[in-house]
Each structure stands twice: as structure tokens, then as C-alpha cells.
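Residue strings, one per chain:
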Amino acid sequence: MAAVNHSATEETKKRHKHEGPQKHIVAYIMSLLLTLIAFAAVMAGEVNASFIIFILLMMAGLQVFVQMGFWMHMKDKGHGYAIIAILGGIFIAGTMIIMAEYWAWW
């Protein structure tokens, strides 16, 4: 019976391998760089406003992927329902924003 428990714990250890701090440090540096790029785009006063908005939206989108993938571990297996729920929330919020725009403009 002890042999069965021993193999089960080894299998559990293999499935739950610790990543180490390297990926977290890389994610932190990426988050800082994306924030600095957005800050620099706003601080550059003579740039077209629509280009700055485009840059800010791109940096925000990339920041979401970095945060979800590295800090919330959405890149790992077993997070399918959480990802579906987040995408569903984004769809509902987007639909509400579009409908509010139509209602305000009509």
C-alpha cells in the first residue's frame, strides 16, 4: 500500500512543477516596459492624439495578456472555464457599451 502512495505523490509532483522566479521576473519587466511605453507616448506632446490612443490601447491589450498569462496563470492547463467566463464577460460588457452608444446617439 505504501508503494501506491509513493507513486501517487511522485506523479503529483511531476504535474505541479514549480516554475521558479525567472518567468515572474520576465513578466514583471515586460509589465514595466509596457507601462513605460504608454507613459512615453503620452508625454511626447507633439504626437497625433489618435496615434497616442492607438498606442495606449495596444499597450493595454498586451498588458492584459501578460497579467493573465503570468500572474493569473491562465496559460496553464485546467483554466478553460475561467477563460470562457472572462471572454463571456468581455462580450457582455462590449455589447452593453455598443448598445449604450446606439441609445445615446439615437
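Residues numbered from 1 in each chain as written. Predicted model: local features only at pLDDT ≥ 70, side-chain atom pairs only at ≥ 80, totals over all residues. Heavy atoms only, no water.

Draft legend 1. Structural detail: the side chain of S31. Mapped onto the elements of the fold, S31 is located in helix α2 (residues 21-43). One polar contact links S31 to Q67, side chain to side chain, over a distance of 3.1 Å. Excluding anything up to four places from it in sequence, S31 contacts Q63, V66, Q67 and W71. (Helix = DSSP H or I, 4+ residues; strand = E, 2+ residues; numbered from the N terminus. Polar contact = N/O pair within 3.5 Å; in protein donor to acceptor, adjacent residues only side chain to side chain. Contact = heavy atoms within 4.5 Å.)

Draft legend 2. View of the packing of α2 against helix α3 (residues 49-71). It is at 9 Å that the axes of α2 and α3 come closest, and there the two elements cross at 165 degrees. Viewed along their axes, α2 and α3 adopt a mutual orientation that is roughly antiparallel. Pair α2 / α3 crosses with left-handed handedness. Where α2 abuts α3, its residues K23, H24, A27, Y28, M30, S31, L34, T35, I37, A38, A41 and V42 lie against I52, I55, L56, M59, L62, Q63, V66, Q67, F70 and W71. (Axes fitted to C-alpha atoms, helices over the stretch in contact; angles between N-to-C directions. Parallel < 35°, antiparallel > 145°, perpendicular 65-115°, else oblique. Left-handed = near helix turned anticlockwise from the far one by under 90°.)

Draft legend 3. Examining α3 more closely. A rise of 1.5 Å per residue sets the reference length of α3, with its 23 residues, at 33 Å; its end C-alpha atoms lie 31 Å apart and thus fit the reference within 8%. If you check which residues of α3 are buried, you get I52, I55, M59, Q63, V66 and G69. Those residues of α3 that are buried are in contact with α2. H73 sits one or two residues past α3 and shows a positive phi near 55 degrees. (Expected span 1.5 Å × (residues − 1). Buried < 20%, exposed > 50% of the residue type's maximum accessible area, 1.4 Å probe, protein only.)

Draft legend 4. The layout of surface pockets, seen in detail. By volume, the second largest pocket amounts to about 240 Å³. As for the second largest pocket, its lining consists of V64, F65, M68, G69, M74, I83, I86, L87 and I90. Residues belonging to the lining of the second largest pocket are distributed by class as follows: 8 nonpolar, 1 polar and no charged. (1 Å grid on protein atoms, 1.4 Å probe; cavity = no way out; pocket = protein on both sides within 12 Å on 5 of 7 lines; lining within 4 Å. Points joined across faces, edges and corners; volume = space filled by probe spheres on them. Nonpolar A, V, L, I, M, F, W, Y, C, P; charged D, E, K, R; others polar.)

Draft legend 5. Geometry of the nonpolar core. In terms of nonpolar packing, the biggest core is built from 7 residues, these being A27, L34, A38, A41, I55, M59 and V66. Secondary structure elements with two or more residues in this core: α2 and α3. Looking at this core element by element, the count peaks at 4 residues for α2. Here A38 is in contact with L56 and M59, once residues within four sequence places are set aside. (Core = buried A, V, L, I, M, F, W, Y, C linked by side-chain atoms within 4.5 Å.)

Limitation: the analysis is restricted to geometry and does not speak to function.
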